[in-house]
Amino acid sequence: MWVSQTFSPLQQAGRALSRLALAAGLLLLTACAGLPTEKAEPVVLATPWEQAGQARADAAAKALPSVWTHQVFPGKKSNKYQFVRLDGRPAMAVQSEAATSVLRQVVHRSPADLGQVKFSWKVAQLIPNADLDQREKSDSPVRLVLAFDGDRSRLSGRDALLSELARSLTGEEMPYATLMYVWSNDLPVGTVVSNKRTSRIRKLVVESGPQGLNRWRDHQRDIRADYEKVFGEAPGALLAVGIMTDTDNTGGKVQAWYGPVTLEPLSQPAQATPLATEARR
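This one's a predicted model, so the numbers in the text were calculated from it and none came from an experiment.

Q: I'd like a rundown of the sheet that holds strand 9 (residues 192-194), residues and numbers included.
A: Strand order in the open sheet made by the 7 strands is 2-5-12-7-8-10-9, with mixed pairing throughout. The open sheet has two edge strands with one neighbour each: strand 2 (68-71) and strand 9. Within this sheet the neighbouring strands show an average axis-to-axis angle of 25 degrees, counted without direction. Relative to strand 10 (residues 201-208), strand 8 (residues 177-184) runs parallel, the two being bridged by 7 bridges. Note that in strand 10 the partner of V182 across the bridge is V205. Along the sheet face, helix 4 (residues 223-231) touches strand 7 (140-148), strand 8, strand 9 and strand 10 and points at about 95 degrees away from the line of strand 8.

This is how it looks when you write it as structure tokens:
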């Protein structure tokens, strides 16, 4: 005998959020409010390997927003992160096999202070069958993730509900908006991909295909210009930055490396800032 069961909108959203938490979706890069604003000057975000031992204790004691933390997800296998030197560079190596987790750092940049983000990565191989445009295959060998504050009164009813549910599960609201720079198997560079469960998480493809494998790829992006392209509105404050590799949806395996991440003021007016991706062999 077949029996139909109907769930209320709240129950449906709760079930959706639980799945999303396991897939590292809405719970990515939630950040605390009320942190001091940094000056608009070049800042190399504190690297995880610099925050070990006494340095970590000293930073925590001073309540400085400079420590990377490893964010893991219930029911998910975590990535293995390790500091190495590769090709003469300091790097954070990541091994991911049917896994997902994030290294994130809480920051605070006011909208007026948003400038450029510089980052680099190196990928050994792509993830077979990964497709960022399909929820069940949405894996990427590397991601740089930026979380933003914003006018939460503009959230849709569904997104507001998901944010409240995220708070009830984790103690933190989901960010108003999350922008991810990603490497796709085949989507063209410049493609914008919205999360299938919430429009407040969007990906911007900055690498595509196997041509750049096994060499460092260096990027310099205009944060404001990219945010406006992806979300169609001006950005709020930048709250957190993270690096993320995920192979949990496809069950794949990948090796990748991340270089340090740097926030810098714009060297020229935003509209004149080149957004082209640079590669260094």
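Q: Can you explain the packing of aromatic side chains? Please cite residues and give values.
A: Per the stated rule, a full pass over the model turns up 4 aromatic pairs. On the basis of an interplanar angle of 65 degrees and a centroid distance of 5.1 Å, the ring pair of F119 and W121 is categorised as edge-to-face. Both residues of the pair, F119 and W121, count as buried. An aromatic cluster is present here, built from F119, W121 and Y181 joined pairwise through their rings. The residue whose ring lies beneath K122 is W257, and the NZ or CZ to ring-centre distance is 5.9 Å. In this arrangement the basic side chain of R200 is found over the ring face of Y176, its NZ or CZ atom lying 4.3 Å from the centre.

Q: Report on the pairing of strand 7, specifying residues and quantitative values.
A: Buried residues dominate strand 7, accounting for 9 of its 9 residues. Across 7 bridges, the pairing between strand 7 and strand 12 (residues 238-246) is antiparallel. Counterpart to L144 in the pairing with strand 12 is I243. As defined by bridge partners, strand 7 adjoins strand 8 across 6 bridges and the pair is classed as antiparallel.

Q: An account of unusual backbone geometry is needed here, citing residue identities and associated values.
A: Its identity as a non-glycine residue notwithstanding, A98 has a phi of 50 degrees, on the positive side. Looking at where A98 falls in the secondary structure, it is placed in the loop between strand 4 (89-97) and strand 5 (100-109).

Cut-offs applied
Going along each chain's sequence as written, the residues are numbered from 1 onward. For a predicted model such as this one, the threshold for reporting local features is a pLDDT of at least 70, and the threshold for listing and counting side-chain atom pairs is 80 or more; totals across whole chains, interfaces and linings nevertheless cover every residue. No hydrogens and no water enter the side-chain calculation; it runs on all heavy atoms of the structure. Two strands pair under a simple rule: DSSP has to find at least two bridges between them. A run of H or I in DSSP becomes a helix once it reaches four residues, and a run of E becomes a strand once it reaches two; helices and strands are each numbered from the N terminus. Convention adopted: a line fitted to C-alpha atoms gives each axis, helices being fitted over their contacting stretch, and angles between N-to-C directions are expressed from 0 to 180 degrees. Any two residues having at least one pair of non-hydrogen atoms within 4.5 Å are treated as being in contact. Within 6.5 Å between ring centres, the rings of Phe, Tyr and Trp (the latter by its six-membered ring) count as paired, and their orientation is classed by plane angle as stacked under 30 degrees, edge-to-face over 60, tilted in between. Under the scheme applied here, a residue whose accessible area is under 20% of the maximum for its type counts as buried, over 50% as exposed, and between as partly exposed, the area being computed with a 1.4 Å probe on protein chains only. The criterion is that NZ of a Lys, or CZ of an Arg, lies within 6 Å of the ring centre and within 35 degrees of the ring normal, and then a charge sits over that ring.

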